[in-house]
Each structure stands twice: as structure tokens, then as C-alpha cells.
Amino acid sequence: MMKRGTTLMELVVYIAILTMTIVFVAFSIVQLSQTYGKARSEQRVAEAADTALERIVRELRLACSVTTFSGTSITLDTFADFSSATACPGGTSRTIAYASNKITIAGADLTAPDVTVTAFDFDQLSGTVSNGIRVTMTVESGRGKYYVTRSYSALAILRGSY
């Protein structure tokens, strides 16, 4: 007659298989968590840069002239909106500036609080017919394993120059 139950060897095999399964699942959860954190940092950087560059380029395209210019600050004479006449009769003045790792337009903060702008620069480009401004910026977010830094650039032609 056979005895019912499991042998010690069967029990050791079951425990080994269970341990390997638990380790695999735990490792997978840790990897997914790290991937999610890195993706969130990437998303923050991309959203902040896209938003900032889109707004800056819009302001530059509304400009008919540059009043003051430096590498990190620019003051523009702008049209009131895109439907304005081709002349810039006493339009509004806008200042785009970079200071303390933040970008501001007319004093309003343009960057999100969870990202840092580590580099920002304007380059004035002049041609025979048109004038443009190239904007370059480096944005970072996250810490440790989740740290992300990316560089972005955009070019805008001043509306009054073509």
C-alpha cells in the first residue's frame, strides 16, 4: 500500500519554483516602476519644452522688430494679433527673458515648476530679405535614475521682415 503525501524532495522543488516565480514577478514590478518614472520625466521635459518653444515662437512671429537683444533676453515690438496690418504702429512691447532657470514672457513664468531650464539662448539671424531669431534651450527633470535632460531649438522669422 502507498503512503499519501509529498516527499521532502517534492517539497524542496515546489519551494524552489515558487521562489523563482516570486523573484521574477518582483523584478518585473521594479523594472516597470523604473520605466514609468523615466517616462514621466521624459514627458515632463517634452511638454515643458514644447509649450515654451511654441509660445516663444508665436511671440517672435508676431514681432515686427527687435528693440533690445542679448543672449538670454529679447524685447520685441509686436503686432496686437495675426490679423493686424503689415505696419507695426505702436504695437505692444514684449520681453522674453531667462533668469534663475526659468523663462518668462512679460514677467509671467512660462516653465513648469517640476522642470528646470539649464541653458537658454537667442541668436539673431539676418538675411537680405528677412530677419529671424533662433531659440535654443536645454530642459531637465527628475533625480537619480529618473533624471532626463534634452536640448531643443526653434527658428522664427519676424513677421515684419518678409
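Throughout, a residue's number is its position along its own chain's written sequence, starting from 1. Confidence filtering applies because this is a predicted model: local features only for residues at pLDDT of at least 70, side-chain atom pairs given and counted only at 80 or more, and all residues used for totals across whole chains, interfaces and linings. Side-chain measures here rest on the full set of heavy atoms in the structure, leaving out hydrogens and waters.

S.K.: Can you break down helix α1 (residues 8-62) residue by residue, with the values?
M.R.: The end-to-end C-alpha distance of α1, which contains 55 residues, comes to 81 Å, matching closely the 81 Å that a straight helix rising 1.5 Å per residue would cover. The buried label goes to any residue with under 20% of its type's maximum accessible area, the exposed label to any with over 50%, and the partly exposed label to all in between, with areas taken from a 1.4 Å probe on protein chains only. Numbering goes from the N terminus for both helices and strands, where a helix is a DSSP run of H or I of at least four residues and a strand is a run of E of at least two. Buried residues of α1: Gly37, Ser41, Val45, Ala48, Ala49, Ala52, Leu53, Ile56, Val57, Glu59, Leu60 and Leu62, and no others. Helix span, expected: 1.5 Å multiplied by one less than the number of residues in the helix.

S.K.: How would you summarise the pattern of salt bridges if you had to cite specific residues and measurements?
M.R.: For this document, the term salt bridge refers to a Lys or Arg side-chain nitrogen within 4 Å of an Asp or Glu carboxyl oxygen. In the structure shown here, the tally under the stated rule is five salt bridges. Here Arg55 and Glu59 are joined by a salt bridge, their closest N and O atoms 3.2 Å apart. In this pair, Arg55 and Glu59 both sit in helix α1, four residues apart, roughly one turn of the helix. Taken together, the shared-partner salt bridges connect Arg55, Glu59 and Arg94 into one network.

S.K.: Lay out the sheet that holds strand β7 (residues 131-141) with the relevant residues and their values.
M.R.: An order of β6-β7-β8 is seen for the three strands of this open sheet, with the pairing classed as antiparallel. What marks the edges here is a single partner per strand, and that holds for β6 (116-126) and β8 (148-157). Between one strand and the next, the sheet's axes are offset by a mean angle of 15°, whatever the strand orientation. Two strands pair if DSSP finds at least two bridges between them. Where β7 meets β8, ten bridges bridge the pair, whose relative direction is antiparallel. Within β8, the residue paired with Thr138 across the bridge is Ser151. Strands in contact with α1 are β6, β7 and β8; relative to β8, the strand with the most contacts, it is inclined by about 15°. Fitted lines through C-alpha atoms give the axes, limited to the stretch in contact for helices. The angle between two N-to-C directions lies from 0 to 180 degrees. Whether two residues touch is decided by their heavy atoms; if any such pair falls within 4.5 Å, the residues are in contact.

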